[in-house]
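The chain contents come next:
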Amino acid sequence: MASGICVFAENYKGKLEPVAAELITAAHLIQETTGEKISAIVVARECDGIAEELNQLGVDEIYAVKTAEDCLLQDDAVSEVVAEMLRRIAPSSVLVPATPTGRSIFSRVGMKLGCGMTADCTELLVGTREDGSYFIKQNKPSYGENVFVTIITREGFAPQMMTVRPGVYGAQEPVADAHATLTYMEDIQMPESKVEVLEVLPAENETDSILGAEVVVVGGRGALEEGNFELLQKFAQKVGAAIGGTRPMVDSEMIPFNHQIGQTGLTIRPKVCISFGVSGAIQHTEGIKDTKLYIAVNTDENAAIFNTTDYGMVADMKDILENFLAE
Ligand code: FAD
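Here the structure is a predicted model, which means the values were calculated and not measured.

K.L.:
How do you make sense of the overall build of the protein chain when you look at a structure like this?
P.N.:
When helices and strands are tallied, the protein chain shows 9 helices and 17 strands. The C-alpha atoms of the protein chain give 22 Å as radius of gyration, which agrees with the globular expectation for 327 residues (20 Å, within 12%). When the backbone C-alpha atoms are referred to their principal axes, the protein chain occupies close to 65 × 50 × 40 Å. Evaluated residue by residue, the protein chain yields a buried proportion of 49% over its 327 residues. A separation of at least 24 residues holds for 65% of the contacts in the protein chain among residues at least 6 apart in sequence. Entry remark: accessible area of the protein chain is about 16500 Å², with carbon and sulfur atoms responsible for 49%. Computed over 25 positive and 48 negative side-chain charges, the inter-centroid distance for the protein chain is 3 Å.

K.L.:
Looking at this structure, how should I read the packing of aromatic side chains?
P.N.:
A ring pair, where both rings are aromatic, is described by two values, the distance of the centres and the angle of the planes. Evaluated as defined, the whole model comprises 3 aromatic pairs. Pairing Phe235 with Phe324 gives two aromatic rings, centres 5.0 Å apart and planes at 75°, and the pair type is edge-to-face. Remark: Phe324 occurs in helix α9 (residues 317-326) and Phe235 occurs in helix α6 (residues 228-239); sequence separation between them is 89 residues. Through a chain of ring-to-ring contacts, three or more aromatic side chains come together here, namely Phe235, Phe276 and Phe324.

K.L.:
Is there a simple way to explain unusual backbone geometry in this structure?
P.N.:
In terms of backbone geometry, most residues other than glycine have negative phi values and most peptide bonds are trans. Cis geometry is found at the peptide bond from Ala158 to Pro159, where omega equals -5°. By the element assignment, Pro159 lies in the loop between β10 (147-151) and β11 (160-164). Look at Asp120: it is not a glycine, yet its phi comes out positive at around 70°. Summarising the element assignment, Asp120 is placed in strand β7 (residues 118-121). The backbone of Glu253 sits at a positive phi, close to 60°, despite the residue not being glycine.

K.L.:
Mind showing me how you'd approach the site of the ligand here?
P.N.:
The immediate surroundings of the ligand are formed by 31 residues, with Arg221, Thr246, Thr264, Ser279 and Asn298 found nearest. Here a nitrogen atom of the ligand and a backbone polar atom of Thr299 are 3.3 Å apart. Considering the ligand on its own, with 1000 Å² of exposed area, one finds that the protein chains cover 81% of that surface. Judged by the proximity of its atoms to the pocket grid, the ligand belongs to the second largest pocket. For the shell around the ligand, the secondary structure elements donating two or more residues are β10, α7 (247-251), α8 (282-285) and β16 (293-298).

K.L.:
Teacher, can you tell me more about the layout of surface pockets here?
P.N.:
Over the atoms rolls a probe the size of a water molecule, and in doing so it shows where empty space is left. Considered as a void within the structure, the second largest pocket measures approximately 480 Å³ in volume. Counting only elements with at least two residues in the lining of the second largest pocket, the list comes to β10, α7, α8 and β16. Grouping the constituent residues of the lining of the second largest pocket by class yields 9 nonpolar, 16 polar and 5 charged.

K.L.:
Would you mind going over the sheet that holds strand β14 (residues 242-245) with me for this structure?
P.N.:
With parallel pairing, the 5 strands of this open sheet are ordered in space as β14-β13-β15-β16-β17. Two strands close off the open sheet at either side, each with one partner strand: β14 and β17 (311-314). For this sheet, the mean angle separating the axes of adjacent strands, direction not counted, is 20°. Note: strand β15 (residues 272-276) against β16, 5 bridges, orientation parallel.

K.L.:
Help me out: how do you make sense of the packing of helix α3 (residues 75-89) against helix α4 (residues 100-113) in this one?
P.N.:
The angle between the axes and the distance between the axes are what describe a pair of packed helices. The N-to-C vectors of α3 and α4 enclose an angle of 50°; their axes lie 8 Å apart at closest approach. Taken together, the axis directions place α3 and α4 in an arrangement best described as oblique. α3 and α4 meet at a crossing whose hand is right-handed. Across the interface between the two elements, Asp75, Asp76, Val78, Ser79, Glu80, Val82, Ala83, Leu86 and Arg87 of α3 pack against Ser104, Ile105, Phe106, Arg108, Val109, Lys112 and Leu113 of α4.

K.L.:
Any chance you could explain the nonpolar core here in plain terms?
P.N.:
Nonpolar side chains in soluble globular proteins generally cluster together in the buried interior. Counting 31 residues, the largest nonpolar core has Leu16, Val42, Leu54, Leu95, Leu124, Met162 and Val164 as its most contacted members. For this core, the secondary-structure elements that each account for two or more residues are β1 (5-8), α1 (18-34), β4 (38-44), α2 (48-56), β5 (61-66) and β11. Examining the composition of this core, we find that 7 residues originate from one element, α1, more than from any other. If we ignore the near neighbours within four places in the chain, the residues touching Leu124 are Ala26, Ile30, Leu95, Ile136, Lys137, Gln138, Met162, Val164 and Tyr169. Counting residues in each nonpolar core, the second largest holds 25 residues, with Cys6, Ile89, Val96 and Phe106 among its members.

K.L.:
Help me understand the pairing of strand β9 (residues 134-142), please; the structure alone is not making it clear to me.
P.N.:
Bridge count for strand β8 (residues 123-128) against β9 is 6 bridges, and the pairing is antiparallel. Directly across from Leu125, in β9, lies its bridge partner Lys137. In this antiparallel pair of consecutive strands, β8 and β9, the connection spans 5 residues, and Gly132 shows a positive phi of 90°. With 5 bridges connecting them, β9 and β10 associate as antiparallel partners. Across the sheet, the residue bridging to Lys140 is Val149, located in β10.

Calculation notes
- Residues numbered from 1 in each chain as written.
- Predicted model: local features only at pLDDT ≥ 70, side-chain atom pairs only at ≥ 80, totals over all residues.
- Heavy atoms only, no water.
- Helix = DSSP H or I, 4+ residues; strand = E, 2+ residues; numbered from the N terminus.
- Rg over C-alpha atoms; globule rule 2.2 N^0.38 Å.
- Buried < 20%, exposed > 50% of the residue type's maximum accessible area, 1.4 Å probe, protein only.
- Contact = heavy atoms within 4.5 Å.
- Areas by Shrake-Rupley, 256 points an atom, 1.4 Å probe, with all protein chains shown as cover.
- Lys, Arg positive; Asp, Glu negative; His and termini not counted.
- Charge placed at Lys NZ, Arg CZ, Asp CG, Glu CD.
- Phe/Tyr/Trp six-rings, centres within 6.5 Å; stacked < 30°, edge-to-face > 60°.
- Near = heavy atom within 4 Å.
- Polar contact = N/O pair within 3.5 Å; in protein donor to acceptor, adjacent residues only side chain to side chain.
- 1 Å grid on protein atoms, 1.4 Å probe; cavity = no way out; pocket = protein on both sides within 12 Å on 5 of 7 lines; lining within 4 Å.
- Sits in = over half its atoms within 2 Å of the grid points.
- Points joined across faces, edges and corners; volume = space filled by probe spheres on them.
- Nonpolar A, V, L, I, M, F, W, Y, C, P; charged D, E, K, R; others polar.
- Pairing = 2+ DSSP bridges.
- Axes fitted to C-alpha atoms, helices over the stretch in contact; angles between N-to-C directions.
- Parallel < 35°, antiparallel > 145°, perpendicular 65-115°, else oblique.
- Left-handed = near helix turned anticlockwise from the far one by under 90°.
- Core = buried A, V, L, I, M, F, W, Y, C linked by side-chain atoms within 4.5 Å.

The following block contains the structure:
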């Protein structure tokens, strides 16, 4: 019978990608209920360093396939390797980063294993069947990001496979009693890929700068009033902050979708978040709930945002920003 929570250890140049550490946090949360072992699979040219990082994060078992080159962009060939690894490990669930790499490899793996895949989850919960067995409730936005759905993999289709958005879970901290076993699956060979990687260029979008920013300034519909967004941009530049926004800011094309904060956008964990002209809808504040210090400026003293923030200013954002910038 399928058992165990398996995490795909996405890696780059011999290092574990930070999102893999987030998925290990999710795996530990599932483990608290199901009691299953946590495994991780690594496909890389240099596996040892990645395996040690995984060990420190408290996984129980590591399965690795060494390849001639770093190859995760060769999704046709890597998906063959991963599918064979999963056939042998037979986990009940597989957690995959919802990154371009994770998506392109595991949509193929889903086809090969005939198990399907839920893309882009923002929350994983454990449910219990009448017979006492467990399943994962895979929560995610759907229908153009307008509704939330819970997807449950049909019984008999294993493993339950899902991609999880970066930033939804905090990174797993190193554990004290690391004791993972490491198994090299030496007889699994990577087939020839039809994909040839000619050049690797840095990504153009700045999503990563928001995800890693210590200070984030968020604009809401109030920032759409004339001149307000320009003031907010100047303020952000002055305090060295990344800029995020609410859905109306995206809808009105002031910021790109990959800067939207909330349930259907990014989940951020900055040290300081300052929001201007944001009402505080739960679909938005869910994406910021783990900020260390949360400050809001809003003209409406009854705005829901003030129930979430540490400090609130009932004021026009224009006045606040103009005064600050004048100093
Ligand atoms: P509003 O709710 O219109 O609030 C604007 C606020 O600005 C008001 O409180 C007003 O008092 C204040 N204001 C106006 N002028 C000024 C001024 N000059 N100075 C100071 N304050 C001023 N939204 C997201 O942001 N992210 C999501 O991921 C997201 N996902 C969603 C998913 C679903 C399924 C659904 C149904 C909705 C989702 N939404 C999301 C939309 C969300 O419900 C809210 O509609 C949205 O967050 C509201 O944005 P806002 O606060 O900018 O605008």
